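Structural characterization, general
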Amino acid sequence: MSELSRMKCEACRRGAPTVTEEEARELGAAVPDWMIVDRDGIPTLERTFEFPDFVGALAFTNEVGAAAEEEGHHPALLTEWGRVTVSWWTHKIRGLHQNDFIMAAKTDEVALGS
């Protein structure tokens, strides 16, 4: 279990600062399989997970959803046959926050258990 995956998300308010480029590099080192991509002008952490079938992909989606609900921080989830794309960003600040990296680490933990 990584240090990030043991952390809890903090409440984030509108106007809170996004992570700096240096913070993103440091936090990103703990979740190396995730990429920062631009989605409609918003930096987003994104990773696609592969599964042997739709049932596995759907089960993973539900587990990630449960983890998200527990932390009160929710991703975009695209569930397809054999894969799930997970995207994390903080809606209120239209960018990346430490919470997104925490949830990426928690998502990796869910994947290890799948």
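Rules and cut-offs
Residues numbered from 1 in each chain as written. Predicted model: local features only at pLDDT ≥ 70, side-chain atom pairs only at ≥ 80, totals over all residues. Heavy atoms only, no water. Phe/Tyr/Trp six-rings, centres within 6.5 Å; stacked < 30°, edge-to-face > 60°. Helix = DSSP H or I, 4+ residues; strand = E, 2+ residues; numbered from the N terminus. Buried < 20%, exposed > 50% of the residue type's maximum accessible area, 1.4 Å probe, protein only. Disulfide = S-S within 2.5 Å.

Remarks on the packing of aromatic side chains
What the rule picks out here adds up to three aromatic pairs. Judged by centre distance (4.8 Å) and plane angle (45 degrees), the ring pair of phenylalanine 49 and phenylalanine 60 falls under tilted. Of the two residues, phenylalanine 49 is situated in strand 2 (residues 42-50) and phenylalanine 60 in helix 3 (residues 54-71); the sequence distance between them amounts to 11 residues. The exposure classification of phenylalanine 49 matches that of phenylalanine 60, with both residues buried.

A short note on the state of the cysteines
Applying the stated criterion to the full structure yields zero disulfides. With no disulfide of its own, cysteine 9 has cysteine 12 as its nearest cysteine by sulfur position, at a separation of 9.7 Å. Judged by its relative accessible area of 16%, cysteine 9 falls in the buried class. Using a relative accessible area of 11% as the deciding quantity, one classes cysteine 12 as buried.

Quick notes on unusual backbone geometry
Backbone geometry places aspartate 40, a non-glycine residue, at a positive phi of 55 degrees. One can find aspartate 40 in the loop between strand 1 (35-39) and strand 2. The phi dihedral of arginine 94 is positive, around 50 degrees, even though this residue is not glycine. For arginine 94, the position within the fold is in the loop between strand 4 (83-88) and helix 4 (98-113). When its relative accessible area of 52% is taken as the criterion, arginine 94 is described as exposed.

Any link to function would need more than the numbers given here.
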